[in-house]
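Observations on chain architecture
Chain by chain, the residues run as shown.
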Amino acid sequence: MLLTDRPVRTSLDEGPPTPAAQRGALGLPGRLLALILLCLLPVVAAETYTNIDLRAQRRTELGDLARRQAELVDHDMGSLIGNTEHLLRLAGLSPNVRALDPACGGDLARLQAELPEYRFVAVLDAARRIVCSSLPDVPALGAGTVPAWTDGWETAVPAAEGGAVVGDFAVLPGVGPVLPIARALHSPNGAGGTIVAALDLHWLSAHLATLWHGRTPLSPRSSVIVTDMAGVVLARYPDGDAWIGRALPPAVRPMIQGSKPGVGFLELGGTNHLVAYEPVGVSPVGIAALIVAGGVDVTPGLGATGLREILLVAGASLLAIALTVIAGRRFFVRPIDRLLQAAQRWRDGDLTARAELGEKGSEFGRLAASFNEMAQALQVRDAELRMQADMLEAQVEARTRDLSETNNRLQVEIAEREKTEAALLQAQKLQAVGQLAGGIAHDFNNMLATILGSLELMERRLQRASAGQDTEETERLRGLIERATDAVQRGAQLTARLLAFSRRQLLMARPTDLNRLIGDLVTLAASTLGRRVRVRTDLAADLWPALADPAQVEAAILNLCLNARDAMPDGGELTIATGRERVPERSADGLAAGDYVRVSVRDTGCGMPPDVLARAFEPFFTTKGPSGTGLGLSQVYGLARQSDGTVRISSTPGEGTEVVLLLPRARDAAESADRPRDRAAASPPMPRLAVLVVDDDAAVRHVAVEMLVALGCEVMQAGGAEEALHLLDTTEGIGLLLIDYVMPGMNGLDLAREVRRRGIGIPMVLETGYAELGEGAEADASLLEAVLHKPFTIRELQSMLLRVHGARVAQGNVVPLRGAMHG
């Protein structure tokens, strides 16, 4: 009951007080005191309730804030472990690492040099022995070492199924404190292994310092700690380097070894500590994150404010009891409700809520302002945490993108390397086949030379024996000889193609106008290609002269035209084009940088499938059946490579094929393409020469001797260079030296050089089964009058003798005749 409910009477109204009135007057202070106490009781109760509620809210808010900070540190560590796992996966793609090759240390050293957060990267085999590392000079990481810090990995790493396994804290001599992180490695041969990256714990402490720089701590003694599952400190901020390797207090260890995050209050060293933790059982497994705040005051300023409020209410009650209820409702209940409403919204996570200030300058107004400032600070910190989380996410995304780009570049380099290796393997394969083919062709030509010479001698003797009286038996023998001679000629053509593929044919390279050569060729080959094939030319007007043998180039282009004709049985269009091409650097097929003349032959035929295209240049590979030799494209390939050029082929089934021939550019102007006329009719009669035949093959030498004798020459023979030099020194009157190129010891060119060195000026002719004359052959060509290719006919031998004799007569040097030899 309020005092204002009763009228107040004075002595002027009622006179002197009665005893009852006096007794009532005597009890008034007690009633007033009781009334004041009753009025103060709700206020005190409300203040007490507010303090308790604010204490609980403050405790909850601080715990939530600390737990969010612990989650942030744990998320950062998870990102770091994830980045490390991605790094180990990429490093495991290296061929040397996958093969457990000890040479992989160079790859790991280059990788670790770009990542300062790791002290070393190492590869271990299935027995946990170190295969290679980025720090091979450190004894603890030497090859063959079994590190103690890998105990238990033989089961833990495979159980991770390709994921990262966080090891235990370790201190290595020459390396320092590290945290090893491992991942399983599967080599191509099936032998398992492990790849390890050691996180530098000094770097991790510095990373925590960078992450936490500028943050307002929960208390002056707040700290951020990262530990392993044994409770050993891996990193700390502040004073990280001093705490690395120290163990947590026993009261804290049960927190980090659980499976759920939480917040707790512990008394450590006589001081109350707030501990927020993310245990080792939460991802990333094996690492715990803690936020420790010592001496946290969960009720800052609340006690003094409550006391002031109580005193203020007591004084106000003494002055105006009547205003207690109004003032209590207006100045206490309503502000408290507003604060509670704001606090409830803050507790629910709405940090944008603000408490109404009410009367400016009042205690509740200041309290509301303080809470508003706290909410603002919490909102700013929450925004900072979100911004830092976004920054971390952006950094992880950028790092992931960089790693992805690096991986893409590695894939491109691997693809280019595989392409280059395939081209090199094909070139080596063709080179090996070419060397084999060239050797076979040389030996085969020697046998063909013996057979062809013997057949021609038999034919001449048969003519003399019949003396113009041809009988049926004579004709039959002459037919047999002609068929055998034709077979030898076909064999000679086959070996010529083999020599072309093996690049052992004799090329008379000179500046050549390919436009003129192709123009003449198209005119001559029109009837050969048939009416169904339309020939079109696209010749560049500014074409460079090519440095090549025009006869061999003409044969190669004709070969390509015939192949194109066979690919178009129902007719089609054949296009021959020329152009200029500049190669800036050495290509994958071995073509050197420089200027080249391009000749392309394109048809609209059936094309080639990929398996046929891959074998197109292989000798004896043909799709034409028994009618094909399989040496057409091989001959073109050999000509291009021997001319320091190349040949490329592309084909699409059903659309056609294009073959591109690249020949080096000649720096001099092209010579005339006119073919020399046959001047045999104007040649002098066959001279009687004195000839010395030098050949280590007795069969070939005897046939050559018989052919020269049949031509009326006086002949001497030698089985080698030494014997030939002896005959030249002891015999006079030798007018011609016929030398085989390939001989044991001193070959034909060596013998020619020695003859000239001794001052002997007789003409010399070289006979060879192939024309790979070795280095310096162009300079030595001036020593020779001519070159005879095996197998040669008696007519070719006679024509050569006439040319040599005619050239000597024209120069005024008469070749000694038969009968002039003596010694």
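The structure presented is a predicted model; accordingly, all values stated were derived computationally and were not measured. (Residues numbered from 1 in each chain as written. Predicted model: local features only at pLDDT ≥ 70, side-chain atom pairs only at ≥ 80, totals over all residues. Heavy atoms only, no water.)

1. Quick word on the confidence of the model for the protein
Residues shown with low pLDDT carry predicted positions that ought not to be read at fine detail. Note the cut-off: How sure the predictor is of each residue is captured by pLDDT, a score from 0 to 100. Two residues form a contact once any of their heavy atoms are found within 4.5 Å.
Considering every residue of the protein, the mean pLDDT works out to 75; 73% of them sit at 70 or more. Note that pLDDT drops below 50 for residues 672-683; the model gives that stretch four contacts with residues more than four away or on any other chain. In this model, residues 817-823 is a region of pLDDT below 50 whose contacts with residues beyond four sequence positions or in other chains number 24 contacts.

2. Quick notes on the nonpolar core
Inclusion rule: Take the buried residues of types Ala, Val, Leu, Ile, Met, Phe, Trp, Tyr and Cys, join any two whose side-chain atoms come within 4.5 Å, and each joined set is a nonpolar core. A simple rule labels every residue: compare its accessible area, found with a 1.4 Å probe on the protein chains alone, to the largest value its type can have, and call it buried under 20%, exposed over 50%, or partly exposed in between. For helices the rule is a DSSP run of H or I covering at least 4 residues; for strands it is a run of E covering at least 2, with both sets numbered from the N terminus onward.
Val73, Val123, Val226 and Ile291 are the most contacted members of the largest nonpolar core, which has 46 residues in total. It is helix H2 (residues 19-91) that provides the largest number of residues to this core, a total of eleven residues. If near-sequence neighbours (up to four positions away) are discounted, Val226 is found in contact with Val73, Met77, Leu208, Val232, Val233, Leu234, Ala235, Ile287 and Ala288. Membership of the second largest hydrophobic core comes to 37 residues, among which are Leu514, Val553, Val599 and Leu663.

3. Here we look at the packing of aromatic side chains
Rules: Aromatic rings from Phe, Tyr and Trp, with only the six-membered ring used for Trp, were paired whenever their centres fell within 6.5 Å, and each pair was classed as stacked if the ring planes differed by under 30 degrees, edge-to-face if by over 60, and tilted otherwise. When the NZ atom of lysine or the CZ atom of arginine is within 6 Å of a ring's centre and also within 35 degrees of its normal, the charge is said to sit over that ring.
If you walk through the whole model with that rule in mind, you get one aromatic pair. When the centroid spacing of 6.0 Å and the interplanar angle of 55° are considered together, the rings of Phe120 and Trp149 count as tilted. Remark: Trp149 occurs in the loop between strand E2 (130-133) and helix H5 (153-159) and Phe120 occurs in strand E1 (residues 118-125); sequence separation between them is 29 residues. Considered together, Phe120 and Trp149 belong to a single accessibility category, that of buried residues. Geometry around Trp243 places Arg236 over its ring, the cationic atom sitting 4.3 Å from the centre. Seen from the ring of Trp243, Arg246 lies directly overhead, with NZ or CZ sitting 4.0 Å from the centre.

4. Here we look at the state of the cysteines
Counted only if it meets this: Disulfide assignment relies on a single distance test, namely cysteine sulfur atoms paired within 2.5 Å.
For the coordinates displayed, the defined rule picks out one disulfide. What pairs with Cys104 in a disulfide is Cys132, and their sulfur atoms sit 1.8 Å apart. Its S-S torsion of approximately -85° makes the covalent link between Cys104 and Cys132 left-handed. Of this pair, Cys104 sits in the loop between helix H3 (95-98) and helix H4 (105-113) while Cys132 sits in strand E2, and the two are 28 residues apart along the sequence. By relative accessible area, which is 5% here, Cys132 ends up buried.

5. Comments concerning the pattern of salt bridges
Should the charged atoms of two oppositely charged side chains come close, the side chains can pair. To be explicit about the condition: Salt bridges are counted wherever a side-chain nitrogen of Lys or Arg sits within 4 Å of a carboxyl oxygen of Asp or Glu.
Following the criterion strictly, the structure yields 17 salt bridges and no others. Ionic pairing is found between Asp125 and Arg129, a salt bridge with its closest N-O pair at 3.2 Å. The class of Asp125 is buried, set by a relative accessible area of 15%. The exposure class assigned to Arg129 is partly exposed, which follows from its relative accessible area of 41%. For Glu581, the salt bridge goes to Arg598, with nearest N and O atoms at 3.4 Å. Residue Glu581 is found in strand E15 (residues 572-583), and its partner Arg598 is found in strand E16 (residues 594-603); the two are separated by 17 residues along the sequence. For Glu581, a relative accessible area of 22% puts it in the partly exposed group. Each member of the salt-bridge network shares a partner with another, and the members are Asp729, Glu754, Arg757 and Arg758.

6. Observations regarding the sheet that holds strand E13 (residues 533-538)
Picture the strands of a sheet paired through backbone hydrogen bonds; they go either parallel or antiparallel. Note the cut-off: Strand pairing is defined by DSSP finding a minimum of two bridges between the two strands. Note on method: axes are straight lines fitted to C-alpha atoms, helices fitted across the in-contact stretch only, with angles between N-to-C directions ranging 0 to 180 degrees.
Taking strand neighbours across the sheet as the criterion, the five strands line up as E13-E15-E16-E18-E17 in an open arrangement whose pairing is mixed. Edge positions in the sheet fall to E13 and strand E17 (646-652), since each has one partner strand and no second. Averaged over all neighbouring strand pairs, the angle between strand axes comes to 20°, with direction disregarded. Bridge analysis of E16 against strand E18 (residues 656-664) gives seven bridges, and the strand direction is antiparallel. Of the residues in E18, the one forming a bridge with Val599 is Leu661.

7. Quick notes on the sheet that holds strand E19 (residues 690-694)
If you walk across this open sheet you meet the five strands as E20-E19-E21-E22-E23, and the pairing is parallel. Whereas interior strands pair on both sides, the edge strands pair on one side only; in this sheet they are strand E20 (714-718) and strand E23 (786-789). Put simply, the sheet's adjacent strands are angled 20° from each other on average, direction ignored. Both E19 and strand E21 (residues 736-740) contribute to a ladder of four bridges, which runs parallel. Bridging across to E21, Val691 finds its partner in Leu736. Sitting on the sheet, helix H17 (residues 698-710) touches E19, E20, E21 and strand E22 (764-768), and the angle it makes with E20 is about 170°.

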